[in-house]
Each structure stands twice: as structure tokens, then as C-alpha cells.
Amino acid sequence: MRTVFLRVLEAEDKRGALLQVINNHSSTLGGQRFELNPTCFSAVPRSPFSYWVSDRLRNLFTNLPPFESDGRIARKGLTTSNDMRYVRAWWEVAPRAYPERWATYAKGGSARTFFMDPVCVVRWDWSQRTLPGYLGRAGRETSTVECADLMGNPGLTWPLRAAKFSPSVLPSGSVFSARGYVIQAPSEDLMWILALTASTSFDSLFKMCLGRRGHPEFVVGVLQRLPLPIPSLSPAIRARLSALAEAAWSLSRALDTRVETSHAFVLPALLQCHGSLAQRASAWEARVRATEVESASIVEEIDAHCFKLFGICDEDRHAVIEDLGGASEAQDEAEETEEEAGTDVGDEEDTETAAPTGLTAELVSWAIGVAFGRFDLSLANGARLPPGMPKPFGSLPACSPAMLTGDDGLPCRRAPIGYPIDFPERGILVDDPGHAHDLTAAVQTVFREVFGREAEARWEEATKMLAPGARGLRGWLMDVFFEHHLKRYSRSGRRAPIYWQLSIPSGQYSVWLYAHRVTRDSLFELQTDVVAPKLAHEENRLADLRAGAAAHLSAAKRREVEAQERLVEDLRVMLEEVRRVAPLWSPFLDDGVVLTMAPLWRLAPQHRAWQRELKSRWDDLIDEKYEWAQMAMHLWPERVVPKCAMDRSLAIAHELEDAFWVEGLDRRWRQRGAIDSTMRYLEDGLLSESLRATVIDLKRFAQQHIEQQSEAGWWVDLKSGRHDDTPLALALWPDRVLRRARAQPSLLGGLGLPLPARGFDDRALAALLKRYRPRHSEADLEVLDAFCATVGNAAAWETRWADLDIGRLDEQPLARFLYPRRVLARALTDHAFAAGHDLARWFWLNTPAGPRRLREPEEEVKIALAERDRPAMKAALKAFLESPVAPGSARRERRVRSA
């Protein structure tokens, strides 16, 4: 039965067009009337109403092999259920913690074909192949994440929703998410698969299955069933597609060498060209255009190959590319939200920074990184050559090529010998003319090293572009740079600036901290070495101004004195706040920038939106929303430690799992109970009456056969099958014995079994195997083997059985199951003995000073709290919580929380 489909989507006068199509009974009318049997839709996955495409296209799904075959797989990854806890921007974490504690994370994000630099890392335990402290989701309690065995393998990834299917390279050592799917295949196939899946042909077939043209969800279940033209892929075509994909990847990555937040970053765009800043910006724009033209040429060639491989003719191209979908492109796009389209927060920066002003801001930002010792000046002055292009699927480094690193590949803490400039090892710069670590002066020094004789001209040019007003580039650095930095370092939903501006409310004075250099002592150093001397200097200046104004009173002098008084008052408030927060603050970068900075929220009045976010996170910390954070444990151990005793996930986060949780005999984790209850639980769980009965049988067997044993011993004879005609062998190894009895029916007599009435066929064997199941597990047999595999005479074995009964052989694993009470009592006092029986985790805790006896759970909580008791810090926290809401404000904030 054929069905008529009418299509007038492109017509302006839809009513008139529809009447014309209805009245015309020809088989087609300008691609508006289609007659076909609806059963043909079932050839395509999901059976979309793709009536406008030809049978040739639909037959691709039946004539070609599916994508998921021959070692190719496509999978959905993990869901953290708590990105705030587990996900960070890659520049946010300390490089020394990567990759031991953090792994590259494919989270979806913006659609970029061939190359997409992963923005995020995820907290990952490679030994357990899971997220530390991950215990599953509500209704699905498990510590195992989806596709854990595939994590770390190279592959391809793509965002869930985008305008076009956009696969890109996923490096080795990466973890993929529920919105950043993965394709994995043999390594030699990945590049040609990348080219083929990035083609218009593949995208069109994918959308045909999805039934949507605009921004569909490219779900993994459909991709698994898409056709691949494997029969047409000759080795030469595979090699050519691989070469094209690698060339496109290299071109895209080359443009990322100017992006500070990319693993590929080498130098800002203006330092990769020559001339004045304006000329350099024009040259970079020309390079980008040339790269886009070359990339388009590569994509065009890939499309030509793929149309031919799939056998898609011109008519079919029009059907799947131009006429695909049931709604207009504009309508589809109107339905999209930024989140659905996969856009990262901060991704819009690429178009902005392509302008000369944006490129100049990038140059100054890089110079600030050099001034802090983060970026390597040697790349700009030619003393060090930029690295070559890496392998596409190689694991990502902890540091970008632009960073100043030592021989270990990790950031330098101090300037190397012969390095052209010095930088503050403590990571502190100030907005203070004349200061030894003045930020503006440090940036000017970088300009002089980079531009030489042209440094002054380039400085003036940068000033005209960024800050043409009276305050110049110094004013831009004080007032605007943090906004620029915050925007560029906010990606994938995370706001993670690493240069922190602490300032007075007027903005006349700021201190800058580099996140990866801060320590617990940074605020104390800030107090004694920076702010206090600055305040003393400005107080002396105020005294001089007052003295001068008294002698020559004028309105101008009075205004100058008043301005100086405001500056001194602001500095006093800042010093007071630094003194207030220094004793309680401790940086934990693994918590993320926003939580690490949260206690400093009052020192960030220069950027109101950022201050509000820090204040919000601080309130959340107070309100117990981030108990997994090290900051929460540092400030409120009396609140967090008892929760660790009740919540295993928190215990793992704070390394208290061994103190409060233990893996039970059933391999499920259980909260530690009282020692007496633990002893009863273990005694009941370990005692094995079946092993006790088997030992009695073994004693009897040994007495009967020890004189006839071979050199190997009676147990080895029994285990190897020499006595398979005995009931004991049947009880221990029924499968082996019954199969042997089928071949040698004479064994049945010794086993006390009659010959099956209908003969010893497969059915009879299956019935006997079902009846005579093994008495013991493989683990039980290993325990028996450990005890019995000893050569000896009858007298020796009589002594050995007696020694087992009276406790002289309690180190034997068998004793644990026959006499658990006796063994547990010794394990409670002897760590080495407990470890030998795999019981140490129940009664002993490993500490840096060595193993110690576990106490009752209530006592363990007290011990953990005592180890974290910091009276001075608690007093400082109390004072901080009771201090004014804003520096200098009369309104008080009282949010003291009881434990």
C-alpha cells in the first residue's frame, strides 16, 4: 500500500502550493509530491519519515556494515552527579597534581571539528578507575562509573548537541562524560574515521535518522547503527583520508597556539607576527583567513571522497543536505538555548579577541604571566624555539609549551640561571608606582625584553588601543584587566581566574596574587611586607600634606588632604581585613579557585559580580553545602568529621575512610561498629562448618592412604586425581570425577553410585552434576591446599592435625575458618598476624607513625577532631564571622554556626 506525502515547506504561498499539489496527480511535482510504501522507513534506524530521500539512501543502512562493528565502538560516558566537586578547569589545578589526581575530561562544550582542546579535568582514581568518593546516584548505588574499562584510551569525541556533527580528537589519558561521547577503534583507524565522520555525508545521514536539521542531539545509539562504506575503503583511500584529517587537526591546533587557556598555547598572536601592533594584528588576521581557506579546501576534498564512497549522487545530495528535516533552519535554531547548543561560558571570546584591541589585551595578559613567572620569556626573544607539533592522540601535558618549566616539565619556582628577568617567588605583585614588585613596571620590563628598541613605541601603541585616557595602561591594569582575565578564564561553566586582584574599595591600590604560588603564609607576608609598609608610607605622606595645608590653606590643598585621608582609611580597612582572614585562610586549589578564594570575598570589592559569587560560595560553605571540600574540613572539623563517620563519600574525600568504614565479608562497605559487634560479625561470617567437616574427612583419608602416597604426598595425589574413586574426591571435585566416571564406569562402584539405567549419556551426566555440586568454592580449596600440600609421614601428620586444634598453627589460613574466635582475639593485638589473615583493616589503622589499634567509633571521631584542632584558627574564624559585612560598614554580619 502506497502513501502520498505532500511537501510545501519552501513555498511562500503554502495554501496555493498545497492546492496545486493536491490537484496534480503526477508522481512528483518539483519535489513536492511523494508516493511510497511506508514500510521502507524501517530500513533506517528509528524509522524516521524520510519520504523525501531516495531508496538508494535508505538502502545504505541495509547494504553497508554498521558503524559499531570490526572493533569500532561508540559509548556514552560517566555522569559525576556533582560537577562542583569533581570537575575543574585544567589551569585551575596544580600541575604537580596532574595526572595522578586529575584526568583530562571530555565534557562536551563547543562544537569544533578535528581539534578541540579539552577545557576540563576531572578528579579521577586510576587504580580504582572511578571518581574518588563516587558512590553512584540516587536509586543506583555503585562506585563503578559507566564504561570505566574504556577510560584513558584514545578516541574521538563530540558534543551532544550542535548545528553539525563535530567529531574531534580525544587524547590518551582522557575520561569522557555523558555529554562528551566517545568513539574508540584500532589506533590505525582513528584518523580516517575522524575524516569520514566529519564529512557532510555522514552528518546528513545522521540527521536523516534523527529527523531534525538544526541542532539535533547526536545520540550514541543512532551513531552505532549508521552505515560505513567499508567495502569501498581501499588502503589508499584510508591513507588519504587519514592524512587529510591530520592536516585539518594541525591547522586548527595552530590557531590555538595564541589562546592562553589552551594546552597548545605558545605565544600571543601579536608575538607570532612582526611589525607594529596594528601590523601584527593585520598579519594574524590574514593568517587566520588563509588557515580557514586551507581548512575549507581539506573539508571539500573529504566531502568529495565521502560522497563517492557512500555512492551519493547529486540528486541525493540535494535531498539530504538542502531538504532534510521537517522544519526550517531558522525555526530549529530559534528553539535552541545556549546550553542545548553546547556553548561554553566564555567561548564567545574568540570573535572579540580577533580584533586588534582584543589581541593587544592578550599580549598584555601574557606579559603579566611572564611577570609572575608563569610564562617563558625565552620563547618571545628567540632564546628557546617553540616545540614541534605533537601527535594527535598523545596524552596532554600538565603545562602548555608557553609555560616556564624545569627539566621535570613542571613550573619553575624561581628564575633559572641566566633568565633575563626576575619574578616574585611568592607570587605577589602590586599596583604601586615605585614598588620593587609594581605590576605595571614588571609588564614594561617584559615589553623591553621582547621589543628591544621598539619597546616604548609598542607600549604607547598598546596604551592607545586599551586605555587612551589620562591614566594610561596602568589605569587599564588596575580597573579593567581583571574583568578581561575573568572572562577569558571562565569556560565550561567554571569561573577560574588564577591572577587574583585584592584591592581597596576605591580601586586606587591593589595587590595581585598568582594562584599557583599562594601558600598559607601568603596573607601574613601580604600583611607584614606589603600592606603595612604601604599604610605607613601613606600615613607619613598624609602628615606632610596636613602640615603643608596648615601653612598654605586652599581648596585644592584641602581636597588633596581629604583624598589622602580616604586612601589611608581604605588601607587601614584592608590591613584590618588581611589581619582578620590570614589566621584562618588556607589555600586548597583542589577545591577549585572559587572555594579557595571564598574567604577573601571582602578583599575583592573592585569587581562586584565576582565579589558576589565569592560571597555566595562563602555562604554555601557556612550552610554546609560543600562538606567534601578541604576548606570545609579546615574551618569546621567539628562539623565535618562526624559526618565522615556516617557518609563514606565524605570519608574518602577527607582520607578518613579507613577510620570509619570497612569492606565487609560480602564485599560491601559497612560503617564500623563497636569492636565487640565487629568480633561477633567476623566470627559468624568466618566460621565454616563445611570446612570443619572436610578436615575430619581429610584426617580419615590421610590415615588410610598416607602409607600408599607417592613422593608428592597424599594431598597432591588426591588433588591430581589418583583417588578419584573415593567419595571425598567426589565431594571436592565433582565435575572432574563424574566426567572421568563417564569414561570409566568402573569408578562408580568406589563412589557408591549405580550405573544410570538409560546409560551414561550427556543427560545423565548433567543430572549428576546438578546433584553433586562442589562442596567448596575455589577460595576454600586454596585454603585447604595451603595447609595440606606438605610431604610427611603418618606421625608428622598426626602432630600437624593436633597442632591445628590447639592453636600452634593459627597463622595458617585454615585456622581462620575453623577457630575464628581464637584467631580474631590474636588479630586484635598483633598487627602482623592480622595482616597475614587479611584482618588488619578491621582492627588496625595505618598512620605515618606506623599501625595503631583502632578504637571505638566514638573515640576515633574524637581522635580525628583532636588532630584537626586549631584553637587560634577557630578564634580567627569566630572573629571573621562576626566582623562587618563590608570593610568600614557599621552593619554587622552575624552568621556564627554551631557545630
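Structure: see above.
Treat the numbers as computed from the prediction; the structure is a model and nothing was measured. (Residues numbered from 1 in each chain as written. Predicted model: local features only at pLDDT ≥ 70, side-chain atom pairs only at ≥ 80, totals over all residues. Heavy atoms only, no water.)

Q: Can you help me understand the overall build of the protein chain in this one?
A: Scanning the protein chain from terminus to terminus reveals 40 helices and 19 strands. The 899 residues of the protein chain split such that 52% are buried. For the protein chain, long-range pairs separated by at least 24 residues make up 64% of all intrachain contacts whose partners lie at least 6 apart in sequence. Entry remark: accessible area of the protein chain is about 40,500 Å², with carbon and sulfur atoms responsible for 51%. (Helix = DSSP H or I, 4+ residues; strand = E, 2+ residues; numbered from the N terminus. Buried < 20%, exposed > 50% of the residue type's maximum accessible area, 1.4 Å probe, protein only. Contact = heavy atoms within 4.5 Å. Areas by Shrake-Rupley, 256 points an atom, 1.4 Å probe, with all protein chains shown as cover.)

Q: It is not clear to me how the packing of helix α8 (residues 277–310) against helix α12 (residues 356–372) should be interpreted in this structure. Could you clarify?
A: Pairs of packed helices are described in terms of their axes, by the angle between the two and the distance that separates them. Look at α8 against α12: their axes get within 10 Å of each other, and the N-to-C directions meet at 105 degrees. It follows from the interaxial angle that α8 and α12 lie roughly perpendicular. Counting all contacts with α8, which are made through Leu 277, Ala 281 and Trp 284, the residues of α12 involved are Pro 356, Leu 359, Thr 360 and Leu 363. Of the residues that constitute the contact of α8 with α12, the class distribution is six nonpolar, one polar and no charged. (Axes fitted to C-alpha atoms, helices over the stretch in contact; angles between N-to-C directions. Parallel < 35°, antiparallel > 145°, perpendicular 65-115°, else oblique. Nonpolar A, V, L, I, M, F, W, Y, C, P; charged D, E, K, R; others polar.)

Q: So what exactly am I meant to see when it comes to the sheet that holds strand β6 (residues 120–123) here?
A: Adjacent strands of a sheet form backbone hydrogen bonds with each other and so pair up, either parallel or antiparallel. The four strands are arranged β4-β6-β5-β9 in an open sheet whose pairing can be described as mixed. Every other strand in the sheet has two partners, leaving β4 (87–89) and β9 (174–176) as the edge strands with one partner each. Across the sheet, the mean angle separating the axes of adjacent strands is 45 degrees when strand polarity is ignored. Pairing geometry for strand β5 (residues 102–106) and β6, over four bridges, is antiparallel. When the sheet's bridge partners are listed, Thr 104 is paired in β6 with Val 121. (Pairing = 2+ DSSP bridges.)

Q: What should I look at first to understand the nonpolar core in this one?
A: Here is a general trend for soluble globular proteins: nonpolar side chains tend to be buried in one another's company. Residues Trp 366, Trp 618 and Phe 660 are the most contacted members of the largest nonpolar core, which totals 160 residues. Take this core: its biggest share by element is ten residues, from α12. In this structure Trp 618 touches Ala 598, Pro 599, Trp 601, Leu 635, Trp 636, Leu 877, Phe 880 and Leu 881, once residues within four positions along its chain are discounted. Counting 56 residues, the second-largest nonpolar core is a separate cluster that includes Phe 701, Leu 748, Leu 818 and Leu 828. (Core = buried A, V, L, I, M, F, W, Y, C linked by side-chain atoms within 4.5 Å.)

Q: What am I meant to see in the pattern of salt bridges here?
A: Two side chains of opposite charge can pair, provided their charged atoms sit close to one another. On inspection of all chains with the given rule, the structure shows 56 salt bridges. Note that Lys 207 and Asp 203 form a salt bridge whose closest N and O atoms lie 3.3 Å from each other. Of this pair, Lys 207 and Asp 203 both sit in helix α5 (residues 200–210), four residues apart, which is roughly one turn of the helix. Of the two residues, Lys 207 and Asp 203, both sit in the buried class. Ionic pairing is found between Arg 808 and Asp 803, a salt bridge with its closest N-O pair at 3.4 Å. You can call Asp 803 buried: its relative accessible area is 15%. (Salt bridge = Lys/Arg side-chain N within 4 Å of Asp/Glu carboxyl O.)

Q: Would you explain the sheet that holds strand β11 (residues 428–430) in this entry?
A: Reading across from one edge, β11-β15-β14 is the order of the three strands in this open sheet, with antiparallel pairing throughout. Across the chains shown, the open sheet's two edge strands, defined by having one partner strand only, are β11 and β14 (499–503). Across the sheet, the mean angle separating the axes of adjacent strands is 25 degrees when strand polarity is ignored.

Q: Help me understand the pairing of strand β18 (residues 844–847) in this model?
A: Regular strands show a simple pattern: their side chains alternate between the two faces of the sheet. For β18 and strand β19 (residues 850–853), the ladder comprises four bridges, and the chain directions are antiparallel. Each bridged residue has a counterpart across the sheet, and for Thr 847 the counterpart in β19 is Gly 850.

Q: Would you mind going over the pairing of strand β7 (residues 155–159) with me for this structure?
A: Burial runs high along β7: five of the five residues are buried. The two faces of β7 match: Gly 155, Thr 157 and Pro 159 on one face and Leu 156 and Trp 158 on the other face are all buried. Two strands pair when backbone bridges link them, and β7 and strand β10 (residues 180–184) are joined in this way by four bridges, in the antiparallel orientation. Of the residues in β10, the one forming a bridge with Pro 159 is Gly 180.

Q: Hey, could you run me through helix α26 (residues 675–686) in this one?
A: It helps to recall that an α-helix has 3.6 residues per turn; residues three or four apart then point in one direction. With twelve residues, α26 extends 16 Å from end C-alpha to end C-alpha; this agrees with the ideal 16 Å at 1.5 Å per step. What α26 keeps buried is the set Ile 675, Thr 678, Met 679, Leu 682, Glu 683 and Leu 686. All buried residues of α26 fall inside an arc of 130 degrees around its axis, so they share one side. The exposed residues of α26 that point more than 90 degrees off its buried face are Asp 676, Arg 680 and Asp 684. Elements that come into contact with the buried residues of α26 comprise α35 (813–818), α36 (820–827), α38 (840–843) and β19. (Expected span 1.5 Å × (residues − 1). Arc of directions from axis to C-beta.)

Q: Whenever I open this one, unusual backbone geometry confuses me. Can you help?
A: Across residues other than glycine, the phi torsion is negative in most instances, and most of the peptide bonds are trans. With an omega of 5 degrees, the peptide bond between Tyr 98 and Pro 99 qualifies as cis. Structurally, the position occupied by Pro 99 is in the loop between β4 and β5. Backbone geometry places Ser 81, a non-glycine residue, at a positive phi of 70 degrees. Relative to the elements of secondary structure, Ser 81 occurs in the loop between β3 (73–75) and α3 (83–86). Using a relative accessible area of 48% as the deciding quantity, one classes Ser 81 as partly exposed. With a phi angle near 55 degrees, Arg 129 is a residue other than glycine that sits in the positive phi range. With respect to the helices, strands and loops of the structure, Arg 129 is situated in the loop between β6 and β7.

Q: I would appreciate a short explanation of the packing of helix α23 (residues 637–646) against helix α39 (residues 857–867) in the present structure.
A: Taken N-terminus to C-terminus, the directions of α23 and α39 make an angle of 145 degrees; their axes are 10 Å apart at the nearest point. The crossing of α23 and α39 is right-handed. Counting all contacts with α23, which are made through Pro 637, Glu 638, Val 641, Pro 642 and Ala 645, the residues of α39 involved are Val 861, Ala 864 and Leu 865. Class assignment of the residues belonging to the contact of α23 with α39 gives a composition of seven nonpolar, no polar and one charged. (Left-handed = near helix turned anticlockwise from the far one by under 90°.)

Q: Please clarify how the packing of aromatic side chains should be interpreted in this entry.
A: Aromatic rings in a pair are described by how distant their centres are and how their planes are angled relative to each other. Going through the model one piece at a time under the given rule, you end up with 35 aromatic pairs. Ring centres 5.2 Å apart and planes at 75 degrees place the aromatic pair Trp 158 and Tyr 181 in the edge-to-face group. Separated by 23 residues along the polypeptide, Trp 158 in strand β7 and Tyr 181 in strand β10 bring together distant segments of the chain. The burial state of Trp 158 is the same as that of Tyr 181; both residues are buried. Ring-pair connections join several aromatic residues into one group, and the members of that group are Phe 372, Trp 476, Phe 481, Phe 482, Tyr 499, Trp 512, Tyr 514 and Trp 610. Sitting above the plane of the Phe 880 ring, Arg 602 keeps its charged end 4.3 Å from the centroid. Sitting over the face of the ring of Tyr 681, Arg 670 holds its NZ or CZ atom 3.8 Å from the ring centroid. (Phe/Tyr/Trp six-rings, centres within 6.5 Å; stacked < 30°, edge-to-face > 60°. Lys NZ or Arg CZ within 6 Å of the ring centre and 35° of its normal.)

Q: Just checking my understanding: could you explain the side chain of Arg 374 for this structure?
A: By the secondary structure assignment, Arg 374 is in the loop between α12 and α13 (378–381). Overall, Arg 374 belongs to the buried group, its relative accessible area being 4%. Among the polar contacts made by the side chain of Arg 374, one reaches the side chain of Tyr 499 at a distance of 3.4 Å. Beyond its immediate chain neighbours, meaning those up to four positions away, Arg 374 contacts Trp 91, Glu 260, Gly 369, Ala 402, Met 403, Leu 404, Tyr 489, Ile 498, Tyr 499 and Tyr 514. (Polar contact = N/O pair within 3.5 Å; in protein donor to acceptor, adjacent residues only side chain to side chain.)

Q: What is the right way to look at the environment of Phe 176 in this model?
A: Within the secondary structure layout, Phe 176 lies in strand β9. Classification of Phe 176 by relative accessible area gives buried; the value is 1%. With 71 residues separating them in the primary sequence, Phe 176 and Tyr 105 have C-alpha atoms 5.7 Å apart. When neighbours within four sequence positions are excluded, Phe 176 is seen to be in contact with Arg 75, Lys 76, Gly 77, Leu 78, Tyr 105, Ala 106, Cys 147, Leu 150, Met 151, Val 182 and Gln 184.

Take it as geometry only, folks, not as evidence of what the structure does.
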